[in-house]
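Letter by letter, the chains look like this.
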Amino acid sequence: MGEAEVIPLHGPGGRPRPRPTPRRRGLTPPVPAPAEQEVEPVAATTTPAPAPVGPVPSELEHAVGEIAAFLRRRLSGRYAVDQFGFDPDLNENVILPVLRPLYEHWFRVETIGVENVPAEGGALLVANHSGTLPLDALMTVVATHDDLPTPRNLRMLAADLVFGMPGAGAMARKAGHTLACNPDAEALLAAGELVGVWPEGFKGIGKAYADRYKLQRFGRGGFVSAALRTGVPIIPCSIVGAEEIYPKIGDLGPLARLLGVPYFPITPTWPLLGPLGLVPLPSKWYIEFGEPIRTDEFEPGSADDPMLVFNLTDQVRENIQQTLYRLLSGRRNAFLG
């Protein structure tokens, strides 16, 4: 059977077409149809077609897709690296995901005062240092990315030793960190980056467990000079919990000198338990960001005033020390919080 011819019901302009009159053999010609009458066009109502229903990708499929997209970017070279070697794509997809389980589930870090960290523009974050290994710095990197209202990448100023270690130096560069020197610090701050510094250095991170939460000397205040020259605020940062992850009860000085490291710690689990002794104890952490200390109110050239630099350095140190005491006084237990 052939297809029936479909005659449109409406002509141009929405007017109804005259219905055709059939001719029949042997009959008189058809009588002309009456004149057309204006008919109000009726708006056609259409029912939207239902959206195609397909299988919803599972979390595993989504994760596999993300990994595949990441690998395609890496193999094709479609990712950016800044002048310091920072690779945001690698940091976002590899480095931070490796650190998050420690941050969220092992140390159960709580952040306080996130509103004190500016959402944009240069700022210098200054924190206490402890824990035998620099996990406190790594957890602060996660805190500034995951817990701030506007995620920011913390660019740490690290010691020369870090960049001299095979593999560690290259990874630190890719994570956005650089040498603890004023030219690099000022370049990052002037570019609007959030920069982190731990002025106690190895004196803080390697101190004995008996001296926990007692701040060591803050050096000569180079970080304050960098902040003054660029006019950025200084954010005091106090970290509680890191002192208990590797309680240092001794130091093998001769072995440290042989290996070219500042200290070789002895803890209750290291080196007695071998590689198992490298697992940090699951202490409960608090990271508090204090109120910013402004530096843009000082006159140009104030960075060269040693007395001003010393006073600001002491102010930052005292701020952090008093915050540590306050956080410790409200803590019931080092592992339960």
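Residues numbered from 1 in each chain as written. Predicted model: local features only at pLDDT ≥ 70, side-chain atom pairs only at ≥ 80, totals over all residues. Heavy atoms only, no water.

## Notes on the nonpolar core
Counting residues in hydrophobic clusters, the biggest one holds 32 residues, and the most contacted among them are Ile239, Trp285 and Phe289. The set of elements that each furnish at least two residues to this core consists of helix H2 (88-106), strand E2 (123-127), helix H3 (135-146), strand E3 (154-158), strand E6 (234-240) and strand E9 (286-289). In this structure, Val195, Ala227, Leu228 and Val240 belong to the second largest nonpolar core, which totals 30 residues. (Core = buried A, V, L, I, M, F, W, Y, C linked by side-chain atoms within 4.5 Å. Buried < 20%, exposed > 50% of the residue type's maximum accessible area, 1.4 Å probe, protein only. Helix = DSSP H or I, 4+ residues; strand = E, 2+ residues; numbered from the N terminus.)

## Some points on the packing of helix H6 (residues 182-190) against helix H8 (residues 222-230)
Contact pair H6 / H8: the axes reach a minimum separation of 9 Å and the direction vectors enclose 40°. In this structure, H6 crosses over H8, and the sense of that crossing is right-handed. Between H6 and H8, the residues in contact are Asn182, Ala185, Glu186, Leu189 and Ala190 and Gly222, Ser225, Ala226, Ala227, Arg229 and Thr230, respectively. Tallied by class, residues from the contact of H6 with H8 come to five nonpolar, four polar and two charged. (Axes fitted to C-alpha atoms, helices over the stretch in contact; angles between N-to-C directions. Left-handed = near helix turned anticlockwise from the far one by under 90°. Contact = heavy atoms within 4.5 Å. Nonpolar A, V, L, I, M, F, W, Y, C, P; charged D, E, K, R; others polar.)

## Section: the side chain of His145
Examined against the element boundaries, His145 turns out to sit in helix H3. With relative accessibility at 11%, the residue His145 sits in the buried group. Residues within four places of His145 in sequence aside, it is in contact with Glu92, Leu96, Arg100, Pro151, Arg152 and Asn153.

## Re H6
Within H6, burial applies to Asp184, Ala185, Leu188 and Leu189. Here the buried residues of H6 occupy an arc of 125° about the axis, which is enough to place them on one side. Residues of H6 that are exposed and angled more than 90 degrees away from the buried face: Pro183 and Ala190. On its buried face, H6 sits against E2, E3, strand E4 (178-179), strand E5 (194-197) and H8. The first or second residue beyond H6 is Gly192, which carries a positive phi of 85°. (Arc of directions from axis to C-beta.)

## Regarding the pattern of salt bridges
Two side chains of opposite charge can pair, provided their charged atoms sit close to one another. Going through the model one piece at a time under the given rule, you end up with 15 salt bridges. Bridged by salt links that share partners, the residues Arg73, Arg74, Asp87 and Asp89 form one connected network. (Salt bridge = Lys/Arg side-chain N within 4 Å of Asp/Glu carboxyl O.)

## Comments concerning a nonpolar patch on the surface
Taken together, Leu161, Met165, Phe202, Leu258, Leu259 and Val261 make up a surface patch of nonpolar side chains, about 540 Å² in accessible area. Looking at where Leu259 falls in the secondary structure, it is placed in helix H9 (residues 253-259). (Patch = residues over 30% accessible without salt bridge, like charges linked within 9 Å, V, L, I, M, F, W, Y side chains within 5 Å. Areas by Shrake-Rupley, 256 points an atom, 1.4 Å probe, with all protein chains shown as cover.)

## Some points on the packing of aromatic side chains
Per the counting criterion, the structure on display carries three aromatic pairs. Geometrically, the ring pair formed by Phe264 and Trp270 is tilted, given 6.1 Å between the ring centres and 40° between the ring planes. By relative accessible area, Phe264 is classed as buried at 16%. Its guanidinium or amino end placed over the ring of Tyr286, Lys284 lies 5.5 Å from that ring's centre, counting from NZ or CZ. (Phe/Tyr/Trp six-rings, centres within 6.5 Å; stacked < 30°, edge-to-face > 60°. Lys NZ or Arg CZ within 6 Å of the ring centre and 35° of its normal.)

Any link to function would need more than the numbers given here.
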